[in-house]
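Residue strings, one per chain:
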Amino acid sequence: MNTATAETMAPVSPPAAGSEAAPDSASASRPALPASVPVPAPGPLAEPAASAAPEAPVRVTVVVGSDREGRFGPVVADWLLERIGERDDFAVEVVDVAAASLPTALSHDPSPSVAAALAEVSPALDAADAFVVLTPEYNHSFPAGLKNLIDRHFTEWRAKPVALVSYGGISGGLRAAEHLRQVFAELHAVTVRDTVSFHGAAGAFDTRGRPRDPAGPSAAATAMLDQLAWWARALREAKERRPYAG
């Protein structure tokens, strides 16, 4: 045998009786497991999270902007109030320009009679989260009585959304609505994009005050009121966190 490559084999003695073979290095370093792992007893079920408080409805004031003798406005207003009344996210008040009895002469120190007339309308404007302004179109614009009501108030409009509903002849009152957008922008109010307008309004309603073709106006009202509700909530929440400074 070549002694350079041969291995010397040492004899292996069997373990003594009653003894165990020495463990290998891997098993020697592994901790022994307990015979059983205790399972914790189940505790009481967690209480369900408290449900969020229901959101307060949007306080919307509908302004009926016509004070003309023989006006058509109440017909449109009644239809509009029915559409708003079908929803549960609005609480409604109405301010009618024709019932306000406000003189056109503006004053920083109104007389007692003017102050009394303002006291009948100003609280409804001040408490509102949002407005729907209903206007006819007279000579390509909105009525003087509506402008008078607007001009007598300032903070009541600020940082609130305004939806516009118009009626008239071939234009449907849209030129009056566009003029109102400029006025309300100056008062720091936000007019929502979608409107409701009635072209040829006298013929668009039947003798019961119902639109002859209700599908279009109803769809337009839904879209407009959805936008108004979103803006009203968004601005209300924003003002609660950070009052509007203007």
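The model shown is predicted, which means the values in this text are computed figures rather than measured ones.

Engineer: Sorry if this is basic, but what is going on with the pattern of salt bridges here?
Structural biologist: Where charged atoms from two side chains of opposite charge come close, those side chains can pair. With the rule as written, the count across this model stands at 15 salt bridges. With a shortest N-O distance of 3.6 Å, Arg-208 and Asp-206 are connected by a salt bridge.

Engineer: How should the side chain of Thr-61 be read in this particular structure?
Structural biologist: Looking at the secondary structure, you find Thr-61 in strand 1 (residues 58–64). Ignoring sequence-local partners within four residues, the contact set of Thr-61 consists of Glu-93, Val-95, Ala-124, Leu-125, Ala-128, Ala-130, Phe-131 and Val-132.

Engineer: Help me understand the packing of aromatic side chains, please; the structure alone is not making it clear to me.
Structural biologist: What characterises a pair of aromatic rings is the spacing of the ring centres plus the angle enclosed by the ring planes. One pass over the structure, following the stated rule, counts seven aromatic pairs. Geometrically, the ring pair formed by Phe-131 and Trp-157 is tilted, given 4.7 Å between the ring centres and 55° between the ring planes. With Phe-131 in strand 3 (residues 130–136) and Trp-157 in the loop between helix 6 (144–151) and strand 4 (161–167), the pair connects residues that are 26 residues apart, well separated along the chain. You'll find Phe-131 and Trp-157 in the same group, each marked buried. Positioned over the ring face of Tyr-138 is Arg-68, at 4.7 Å from the centre of the ring.

Engineer: Which parts of the structure should I look at to understand the packing of helix 2 (residues 73–85) against helix 9 (residues 215–241)?
Structural biologist: For any two helices packed against each other, the geometry comes down to the angle between their axes and how far apart the axes lie. Between helix 2 and helix 9, whose axes approach to 11 Å, the crossing angle comes to 60°. Here helix 2 lies oblique to helix 9, going by the angle between them. With respect to the hand of their crossing, helix 2 and helix 9 are arranged in right-handed fashion. Contact residues: Trp-79, Arg-83 and Ile-84 in helix 2; Pro-217, Ser-218, Ala-221 and Leu-225 in helix 9. Residues belonging to the contact of helix 2 with helix 9 are distributed by class as follows: five nonpolar, one polar and one charged.

Engineer: Looking at this structure, I do not really get helix 2. What am I missing?
Structural biologist: Since one α-helical turn is 3.6 residues long, residues separated by three or four positions face the same way. With 13 residues, helix 2 extends 18 Å between its outermost C-alpha atoms, agreeing within 8% with the 18 Å of an ideal straight helix rising 1.5 Å per residue. Residues of helix 2 that are buried: Gly-73, Val-76, Ala-77, Trp-79, Leu-80, Arg-83 and Ile-84. Taken down its axis, helix 2 places every buried residue within 165° of arc, on the same side. Of the exposed residues in helix 2, the ones pointing more than 90 degrees away from its buried face are Asp-78 and Gly-85.

Engineer: Would you mind showing me how to read the packing of helix 6 against helix 7 (residues 174–186) here?
Structural biologist: At a closest axis distance of 12 Å, the pairing of helix 6 and helix 7 adopts a crossing angle of 10°. One finds that helix 6 runs roughly parallel with respect to helix 7. Here helix 6 and helix 7 pass one another in a crossing that is right-handed. Of helix 7, the residues touching helix 6 (which contributes Leu-146, Lys-147 and Ile-150) are Leu-180, Val-183 and Phe-184. Split into classes, the residues belonging to the contact of helix 6 with helix 7 amount to five nonpolar, no polar and one charged.

Engineer: Would you mind going over the pairing of strand 1 with me for this structure?
Structural biologist: Sheet faces and side chains relate simply in a regular strand, where the side chains alternate between the two faces. Across the seven residues that make up strand 1, a large majority, six, are buried. With seven bridges connecting them, strand 1 and strand 2 (residues 90–96) associate as parallel partners. If you follow Val-64 over to strand 2, its bridge partner there is Asp-96. Handedness of the crossover joining strand 1 and strand 2 through helix 2 is recorded here as right-handed.

Engineer: How do you make sense of unusual backbone geometry when you look at a structure like this?
Structural biologist: Look at Asn-139: it is not a glycine, yet its phi comes out positive at around 50°. Summarising the element assignment, Asn-139 is placed in the loop between strand 3 and helix 6. Looking at Asn-139, the relative accessible area reads 78%, which means it is exposed. If you check the backbone angles, His-140 has positive phi at about 70° while not being a glycine. When you line up the elements, His-140 lands in the loop between strand 3 and helix 6.

Engineer: Would you explain the environment of Ala-176 in this entry?
Structural biologist: Position of Ala-176 among the secondary structure elements: in helix 7. C-alpha separation for the pair Ala-176 and Pro-143, spaced 33 residues apart in sequence, amounts to 8.5 Å. Not counting residues up to four positions away in its chain, the partners in contact with Ala-176 are Thr-135, Pro-136, Glu-137, His-140, Ser-141 and Phe-142.

Reading guide: rules and limits
Residues numbered from 1 in each chain as written. Predicted model: local features only at pLDDT ≥ 70, side-chain atom pairs only at ≥ 80, totals over all residues. Heavy atoms only, no water. Salt bridge = Lys/Arg side-chain N within 4 Å of Asp/Glu carboxyl O. Helix = DSSP H or I, 4+ residues; strand = E, 2+ residues; numbered from the N terminus. Contact = heavy atoms within 4.5 Å. Phe/Tyr/Trp six-rings, centres within 6.5 Å; stacked < 30°, edge-to-face > 60°. Buried < 20%, exposed > 50% of the residue type's maximum accessible area, 1.4 Å probe, protein only. Lys NZ or Arg CZ within 6 Å of the ring centre and 35° of its normal. Axes fitted to C-alpha atoms, helices over the stretch in contact; angles between N-to-C directions. Parallel < 35°, antiparallel > 145°, perpendicular 65-115°, else oblique. Left-handed = near helix turned anticlockwise from the far one by under 90°. Nonpolar A, V, L, I, M, F, W, Y, C, P; charged D, E, K, R; others polar. Expected span 1.5 Å × (residues − 1). Arc of directions from axis to C-beta. Pairing = 2+ DSSP bridges. Right-handed = clockwise from strand over helix to strand, strands pointing away.

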